[in-house]
Amino acid sequence: MALLEIDGLKVEFFTEEGVVKAVNGVNLKLDRGESLAIVGESGSGKSVLALAIPRLLPVNARISGRILFNGRDVLRMSEEELRKLRGRKIALIPQNPGSSLNPVLTVGYQLKEAISLLNGSRRKALKDAVELLRRLRLPEPERFMKLYPHMLSGGMKQRVLISLGIAGNPELIVADEPTKNLDSMVRAEILELLKEIGRTTAMLFITHDIQAAKICDRVAVMYAGEVVETGSAKEVLSRPAHPYTTGLVSSLPENGLIPIPGSSPGMTSLPEGCSFYPRCSRAEESCSKKKPELRRGVRCFYA
Amino acid sequence: MLEVEKLSKSFYSGFLIRRRFDAVKEVSFSLSRGKALGIVGESGSGKSTIAKLVARLLKPTSGRIYFNGTEITSLYDKEFRSFRPRIQIIFQHPETALNPRMKIYDSIAEPLRIHRLVGSRREERARVKELIREVNLPTELLSRYPAMCSGGEVQRVVIARILALEPELVVADEPTSMLDVSVQAQVLSLMKRLQRDRRISYLFISHDVGVVKAFCDEVLVLRRGEVVEHGKSERVFLSPSHEYTRRLVRASNVSCMANNS
Amino acid sequence: MRGNKIALAIVSAIILFALFPDVFSPYDPNQINLDRALETPSLKHLFGTDNFGRDILSRVIHGARVSFFAGVTIAGISFALGTLLGLIAGYYGGPADELVMRVVDILLAMPGIIIALIIIGILGPSMPNLVVALASVGWVKYARLVRGSTLEIKEEEFVESARALGCTDFYILYRHILPNVISPAIALATLDIGSAILHIAGMSFLGLGAQPPTPEWGIMLRESIAFMETAPHLMIFPGLMIFVTVYSFNALGDSLGSRWRHYGTLGD
């Protein structure tokens, strides 16, 4: 049985401007110890997807479909069951390390708090916290624990967040854009770290940077709320099948910075037919009329 | 066109004991018309400070800057006013790049108004439309507020504003660091096109080696305020001579490396 | 939210009374009629009459004019002066900032009422002098507030961009900084009107503001003390008016403050 199985997930938000279809029918599977990268632009629905799994979406979200974790549907669990799940079985590493840490508490305090909450033991918490920091290659862990968040660089804060995430030995880690806003040197280090963690723990790695997806086993490319291509990381990145994926790969600096013309559709006005049609170089008239299905890992009539 | 000679900037802080922080230490370089010079370094290397010094948002502690042969560092603010339109700057954060209380139309019209480049309302409207089209954005965007625009759209509006003044030198301080990779490509290809069509020179500041390699002809590697390497991007990145440069290049390649497990 | 509709309704009523007191007053507020003195509320005199036979309802309505205009003037001057000084102190820093902040600190170290009393002592008791006195102390809280916001905003990239574009300092202050710092100050001003009205009533009660025979709520309260036990309605209605008015302005100020709480800072 797969660790995580997402079946026909739809997430809609009711706003003043209309219904926003953030996630429009996504199917995914993740096995134990497997890492999957979800790649997409801002507005593709990837963060909403990530937050839906531990059910951390705002109250005006309308969710339908199933999210099976170890066979049980997260969307039908009670608050009590969800609390046991969050942090322990499913850990979220959020974006924005700057605002995710409490500025008036030391790093050590926040770590110990998380550990003792998750593992139940307050005495071992200090030892465990130091061990965790060491695992994340933070220098002089004992001294580090006494620091406050504002004294840390972006990269260090991100590492603290990751350690908070793995503190409970979760079965699934959901990392939401963990390398945004980081310098390339620091980014490389964090990616190495995540790759290592991904070897033993199942990981869902959300990113807009298709390059970073290389640290995962598999990749799912999202566009306008749908998965448009899936496959092994190597395959998708070296031989992209969907025109959007091809576009993403071409827009990388080392491939010439070739942009994809146009812009992502606003989420309130999704077109009929293929959502990528207006920007697609391989499109035919028929693409605008009918929506392609996901076949052999690609959602395109011409792949 | 731009000559920077031994530019230094120190910051002083502290109440009773004055502490000195040397952000930029005797940096020199030159930039010709229509070329792009990149400045790479980690955060804290001083690259943003150099950007602000060249754009005259900060005054140097020592050193000189020459623009088209004229020494501009010792000019008074009033004397510098005529140079202002020719040297412009793009910043990193799209969320705060535009006044949140002003419509996009007004933000683009602003430089036209303050430098009195247009005579009538009608002329102004026409010029603003021209500018927004030049950056490949729809005219519907003009009536919106910045909060309703995506990062890529905001950065392009910023470019449109700058174009109104027909600059010769554009200092770009991490203009795409906050943007998605695909949007980055759009903004950078726009900037490249403008470089060709209007012979604009760029001082391109970034921490991203890959981007600088693709965008800039020449590059300066900055470490803690000092230049450690300087040369054509091809050469510097393919066969770096300084250890620090090697480290930077390696880090960017790591993110490019295939998954070897 | 419903409470706010009531507050809004009351404030609107006060404003109407202030603008068109003669329309709403059944009688001339200063019309003396000794044979109808001290009458309890009746259909003819809804709020009764005072010791001079003057209709209390009409006096209360005219009192709204006095209180409202004076209150708005005080809040307005404080707002304008404080905002201006706050902008200058925050934007230019250095000696300008030092000067403004020292004055602010000094004024905050002494109770505002005492200073106002001193000023009245020097200028003499009258409504205009009271307005001057209260405004001289009132601007301080705006200066602090606006200075803080200005310090934050002036570091933002769009302000630096404006400088790079060649905008003058004055233009930047007016077009870029002011609109982004003013909302909390406006909310404060609305609250301030209520507080000003209270101070006016208080000082006039002490005889240091409006002078009789002006129909002002504070004066009316003072004149009603002698009749507290025999004719309490002389005290009740002005007192009630003060309470209701100040409360409504406060409620309005609060709701504006919470609705605009995001506007003082950038981003969402």
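First, a word on what this report is: a plain description of the structure on this page. (Residues numbered from 1 in each chain as written. Chains lettered and ligands numbered in written order. Predicted model: local features only at pLDDT ≥ 70, side-chain atom pairs only at ≥ 80, totals over all residues. Heavy atoms only, no water.)

Examining unusual backbone geometry
No. 1: For the peptide bond that leads from Pro 212 of chain C to Pro 213 of chain C, omega is 10°, which places it in the cis range.
No. 2: Despite not being glycine, Asn 68 of chain B has its phi angle at roughly 50°, a positive value.
No. 3: Mapped onto the elements of the fold, Asn 68 of chain B is located in the loop between strand E4 (62-67) and strand E5 (70-71).
No. 4: A positive phi is found at Glu 174 of chain B, a non-glycine position, where the angle reads about 50°. (Helix = DSSP H or I, 4+ residues; strand = E, 2+ residues; numbered from the N terminus.)

Considering the sheet that holds strand E1 (residues 4-15) of chain A
By way of backbone hydrogen bonds, the strands of a sheet pair with one another, either parallel or antiparallel.
All names here are of chain A.
No. 1: The 4 strands lie next to each other as E2-E1-E4-E5, forming an open sheet whose pairing is antiparallel. A single partner strand is all that each edge strand has here, and the edge strands are strand E2 (18-30) and strand E5 (72-73).
No. 2: Relative to E5, strand E4 (residues 61-69) is paired through 2 bridges, and the arrangement is antiparallel. Bridge pairing links Phe 69 to Arg 72 in E5. (Pairing = 2+ DSSP bridges.)

A closer look at the pattern of salt bridges
No. 1: In the structure shown here, the tally under the stated rule is 42 salt bridges over all chains.
No. 2: Note that Arg 218 of chain A is salt-bridged to Glu 34 of chain A, the shortest N-O span being 2.7 Å. Of the two residues, Arg 218 of chain A sits in strand E9 (residues 218-223) while Glu 34 of chain A sits in the loop between E2 and strand E3 (35-39), which places them 184 residues apart along the sequence.
No. 3: Residue class for Glu 34 of chain A comes out buried when judged on its relative accessible area of 13%.
No. 4: For the salt bridge of Arg 147 of chain C with Asp 97 of chain C, the shortest nitrogen-to-oxygen distance reads 2.7 Å. (Salt bridge = Lys/Arg side-chain N within 4 Å of Asp/Glu carboxyl O. Buried < 20%, exposed > 50% of the residue type's maximum accessible area, 1.4 Å probe, protein only.)

Focus: the packing of aromatic side chains
No. 1: A full pass over the atoms with the stated rule returns 15 aromatic pairs over all chains.
No. 2: Ring geometry for Phe 68 of chain C and Phe 69 of chain C: centres 5.7 Å apart, planes at 65°, overall edge-to-face.
No. 3: A relative accessible area of 36% means that Phe 69 of chain C is categorised as partly exposed.
No. 4: Feature note: the residues Tyr 223, Tyr 244 and Phe 276 of chain A constitute an aromatic cluster, connected by ring pairs.
No. 5: Directly above the aromatic system of Phe 80 of chain B lies the positively charged group of Arg 56 of chain B, at a separation of 4.5 Å from the ring centroid.
No. 6: The cationic tip of Lys 192 of chain B hangs over the ring face of Phe 215 of chain B; the distance from NZ or CZ to the ring centre is 4.6 Å. (Phe/Tyr/Trp six-rings, centres within 6.5 Å; stacked < 30°, edge-to-face > 60°. Lys NZ or Arg CZ within 6 Å of the ring centre and 35° of its normal.)

Here we look at the environment of Ser 195 of chain C
All names here are of chain C.
No. 1: Here Ser 195 lies in helix H9 (residues 169-205).
No. 2: Accessibility expressed as a relative area gives 27% for Ser 195, which makes it partly exposed.
No. 3: For the pair Ser 195 and Ala 9, spaced 186 residues apart in the sequence, the C-alpha separation amounts to 19 Å.

Points about the interface of chain B and chain A
Buried accessible area, meaning the area lost when the parts come together, often serves as the stated size of an interface.
No. 1: Counting from both sides, the interface comprises 31 residues of chain B and, opposite them, 33 residues of chain A.
No. 2: Both sides together, the interface formed by chain B and chain A hides about 2,600 Å², and carbon and sulfur atoms give 56% of it.
No. 3: Taken together, the links from chain B to chain A amount to 0 salt bridges.
No. 4: At the level of elements, helix H6 (181-198), helix H7 (209-215) and helix H9 (243-254) of chain B are the ones that each hand at least two residues to the side of chain B that touches chain A.
No. 5: Sort the elements by how many residues they give to the side of chain B that touches chain A and H6 of chain B lands first, with 8 residues.
No. 6: Within the side of chain B that touches chain A, the residues separate by chemical class into 16 nonpolar, 11 polar and 4 charged. (Contact = heavy atoms within 4.5 Å. Buried area = accessible area lost by both parts, 1.4 Å probe. Nonpolar A, V, L, I, M, F, W, Y, C, P; charged D, E, K, R; others polar.)

Things to note about the pairing of strand E7 (residues 169-173) of chain B
Residues and elements named next belong to chain B.
No. 1: In terms of burial, E7 is largely enclosed, as 5 of its 5 residues are buried.
No. 2: With burial as the criterion, each face of E7 is covered, one bearing Leu 169, Val 171 and Asp 173 and the other bearing Val 170 and Ala 172.
No. 3: With 5 bridges connecting them, E7 and strand E8 (residues 201-206) associate as parallel partners. When the sheet's bridge partners are listed, Asp 173 is paired in E8 with Ile 205.
No. 4: You can see the chain leave E7, run along H6 and come back into E8, and the turn it takes is right-handed. (Right-handed = clockwise from strand over helix to strand, strands pointing away.)

Remarks on the arrangement of the chains
No. 1: Most contacts, among the 2 pairs of chains that meet, fall between chains A and B.
No. 2: Nothing in chain A touches chain C, and the closest approach of their C-alpha atoms is 13 Å.

Details of the interface of chain C and chain B
No. 1: Listed per partner, the contact involves 19 residues of chain C and 25 residues of chain B.
No. 2: Approximately 2,000 Å² of surface area, both sides summed, lies buried where chain C meets chain B, with 51% of it carried by carbon and sulfur atoms.
No. 3: The largest share of the area that chain C buries against chain B comes from Glu 157, Ala 164 and Leu 165 of chain C, three residues that together contribute 34% of it.
No. 4: Along the contact surface separating chain C from chain B lie 1 salt bridge.
No. 5: Our enumeration of links across chain C and chain B arrives at 15 residue pairs in polar contact (both at pLDDT 80 or more).
No. 6: For the side of chain C that touches chain B, the secondary structure elements donating two or more residues are helix H8 (157-165) and H9 of chain C.
No. 7: Per element, the largest residue contribution to the side of chain C that touches chain B is 7 residues, and it comes from H8 of chain C.
No. 8: In the side of chain C that touches chain B, the residues fall into 8 nonpolar, 6 polar and 5 charged. (Polar contact = N/O pair within 3.5 Å; in protein donor to acceptor, adjacent residues only side chain to side chain.)

A look at the nonpolar core
No. 1: Counting 56 residues, the largest nonpolar core has Phe 205, Val 219 and Tyr 244 of chain A as its most contacted members.
No. 2: If you tally residues by element for this core, the top one is helix H8 (residues 184-200) of chain A, at 6 residues.
No. 3: Look past the residues within four positions of Phe 205 of chain A in its chain and what remains in contact with it is Leu 36, Ala 37, Ile 38, Ala 175, Pro 178, Leu 191, Leu 194, Ala 212, Ala 213, Ile 215 and Cys 216 of chain A.
No. 4: Leu 112, Val 118, Leu 131 and Val 211 of chain B belong to the second largest nonpolar core, which has 55 residues in total. (Core = buried A, V, L, I, M, F, W, Y, C linked by side-chain atoms within 4.5 Å.)

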